[in-house]
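# Tertiary structure, described
Next come the chains, spelled out residue by residue.
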Amino acid sequence: MSERSHQQTGRTAAHEAAHDSAFLRACRREPVPHTPVWFMRQAGRSLPEYRKVREGVPMLESCMRPELVTEITLQPVRRHGVDAAIFFSDIVVPLKAIGIDLDIKPGVGPVVADPVRTRADLDRLRPLEPGDVAYVTEAIGMLTAELGATPLIGFAGAPFTLASYLIEGGPSRTYERTKAMMYGDPQLWADLVGRLSAITSAFLRVQIEAGASAVQLFDSWAGALAPADYRRYVMPASSEVFASVAGYGVPRIHFGVGTGELLALMGEAGADVVGVDWRVPLDEAARRIGPGKALQGNLDPTVLFAPREAVETKTDEVLAAARDLEGHVFNLGHGVMPSTDPDALTHLVEYVHERTAR
Ligand SMILES: Cc1c2[nH]c(c1CCC(=O)O)Cc1[nH]c(c(CCC(=O)O)c1C)Cc1[nH]c(c(CCC(=O)O)c1C)Cc1[nH]c(c(C)c1CCC(=O)O)C2
């Protein structure tokens, strides 16, 4: 079988198996048997079985080993009974794959050896070919065979968030160099996010063609921008990403932190599902976003450190605010924190399923 037809077969089988899952139904704003639940960063340091298999393996290397990726992605599905798996990888994997010298430092995040700051630096951002991430295709093939009817979510970093790491050279609180380029050299900025949009689109297409049933675009740090600047400098590149995968018909989720003022624009960029952090109640978020979108969120991840009754009360508040939504995917308002008690997460899944059983 040719590579192409092999991928097509895999895609059809994986997509068909997961098609009627609660998660994909909620994304499509169809009736569901219960509100589906998954957690950003559900695979990771909160799980002892994760810490065990990651022992001695650097983060980026773990993303390139298909067996390890498969095991880590499945861990939270087995343990918590979540309604979707999220592919174990990182937003900087496609950048590493095209040869950018970067590392993920424990407790810090992505660190780029030679930051991208001039026009000459753009040459290092060559297009991503599927062969650059063959380990992703292989891992997703293995995973979807194991997952059966549980959908797999693929993901990528949005152009702004990726640009912020490339320009700053690592995590930032102020994004000063990023904004300096955006305001000071809009053409260089546009060319940079244009290249990143092509890389991100290619990375998402690889994942969908290998069997991912939905994709999430993480613009984690876009909340640092005023709406007018988001619309002008960021939205065109993110819209291009969404448009480039529209033809597959898989739900497209768009998420960032502190994006209360950007929610309508993030929907307008081309998302089917808008992720909301814990700062805006879901009913208010729906008013800002308007009709025709499902919402994902939005329990404050730190609530999980409170006693069980408090977690239930706060969960009830999220579910009450979600009552009239066209579609709701329950999630945290950002990723699971590493010191979270995994039993609190398992209980939360059960609790949401029970409270929303129809
Ligand atoms: C901004 C961002 C990054 N990576 C990601 C984002 C967007 C999501 C968000 O807003 O949090 C996306 C990401 N990174 C990882 C996943 C895996 C899937 C999942 O959610 O379970 C996903 C979806 C694995 C990871 N990516 C990383 C870890 C932790 C490293 C480890 O376990 O050794 C994991 C499980 C490393 C990473 N990579 C990044 C950061 C900030 C960190 C944390 C650094 C640290 O605190 O140690 C960049």
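The following refers to the structure shown. (Residues numbered from 1 in each chain as written. Predicted model: local features only at pLDDT ≥ 70, side-chain atom pairs only at ≥ 80, totals over all residues. Heavy atoms only, no water.)

## Brief notes about the nonpolar core
Residues Phe23, Leu125, Trp189, Leu192 and Tyr230 are the most contacted members of the largest nonpolar core, which totals 125 residues. In terms of residue count, helix 10 (residues 186-210) provides more of this core than any other element does, 12 residues in total. Dropping the residues within four chain positions of it, tryptophan 189 is found in contact with Phe160, Ala163, Ile167, Thr178, Met181, Met182, Tyr233 and Val234. (Core = buried A, V, L, I, M, F, W, Y, C linked by side-chain atoms within 4.5 Å. Buried < 20%, exposed > 50% of the residue type's maximum accessible area, 1.4 Å probe, protein only. Helix = DSSP H or I, 4+ residues; strand = E, 2+ residues; numbered from the N terminus. Contact = heavy atoms within 4.5 Å.)

## Points about helix 15 (residues 342-356)
Two residues of an α-helix separated by three or four positions point the same way, owing to the 3.6 residues in each turn. Helix length check: helix 15 (15 residues) gives 22 Å between terminal C-alpha atoms against 21 Å at 1.5 Å per residue, within 8%. With respect to burial, helix 15 is a largely interior element, 11 of its 15 residues being buried. Restricting attention to buried positions, one finds in helix 15 the residues Pro342, Ala344, Leu345, Thr346, His347, Leu348, Val349, Tyr351, Val352, His353 and Thr356. Those residues of helix 15 hidden inside the fold are in contact with helix 3 (48-54), helix 5 (66-80), strand 8 (294-299), helix 14 (308-321) and strand 9 (328-332). Capping of helix 15 at its N-terminal end is provided by aspartate 341; its side-chain oxygen lies 2.9 Å from the backbone amide nitrogen of aspartate 343. (Expected span 1.5 Å × (residues − 1). Polar contact = N/O pair within 3.5 Å; in protein donor to acceptor, adjacent residues only side chain to side chain.)

## Remarks on the side chain of glutamate 209
Along the chain, the position of glutamate 209 falls in helix 10. Within the local environment of glutamate 209, its side chain forms a polar contact with the side chain of tyrosine 248, the two groups lying 2.5 Å apart.

## Re the site of the ligand
Surveying the vicinity of the ligand reveals 26 residues, the closest of which are Arg41, Tyr50, Asp90, Gly107 and Ser220. In this structure, an oxygen atom belonging to the ligand sits 2.4 Å away from a side-chain N or O atom of serine 220. For the ligand, the accessible surface in isolation is 870 Å², of which the surrounding protein chains cover 92%. Of the residues contributing to the shell around the ligand, the split by class is 16 nonpolar, 6 polar and 4 charged. (Near = heavy atom within 4 Å. Areas by Shrake-Rupley, 256 points an atom, 1.4 Å probe, with all protein chains shown as cover. Nonpolar A, V, L, I, M, F, W, Y, C, P; charged D, E, K, R; others polar.)

## Remarks on the packing of helix 7 (residues 134-147) against helix 10
To characterise two packed helices, one gives the angle between the axes of the helices and the distance between these axes. Interaxial distance between helix 7 and helix 10 falls to 8 Å at its minimum, and their mutual angle equals 35 degrees. You can see that helix 7 and helix 10 cross each other, and the crossing is right-handed. Taking contact as the criterion, the partners of Val136, Thr137, Ile140, Gly141 and Thr144 in helix 7 are, on helix 10, Phe203, Val206, Gln207 and Ala210. Across the contact of helix 7 with helix 10, the residue classes break down as 5 nonpolar, 4 polar and no charged. (Axes fitted to C-alpha atoms, helices over the stretch in contact; angles between N-to-C directions. Left-handed = near helix turned anticlockwise from the far one by under 90°.)

## A word on the pattern of salt bridges
A complete count under the given rule lists 18 salt bridges for this structure. Between arginine 29 and glutamate 326 there is a salt bridge, and its shortest N-O distance comes to 3.0 Å. Taken together, the positions of arginine 29 in the loop between helix 2 (22-27) and helix 3 and glutamate 326 in the loop between helix 14 and strand 9 put the pair 297 residues apart, joining distant regions of the chain. Since its relative accessible area comes to 36%, arginine 29 is described here as partly exposed. Judged by its relative accessible area of 38%, glutamate 326 falls in the partly exposed class. (Salt bridge = Lys/Arg side-chain N within 4 Å of Asp/Glu carboxyl O.)

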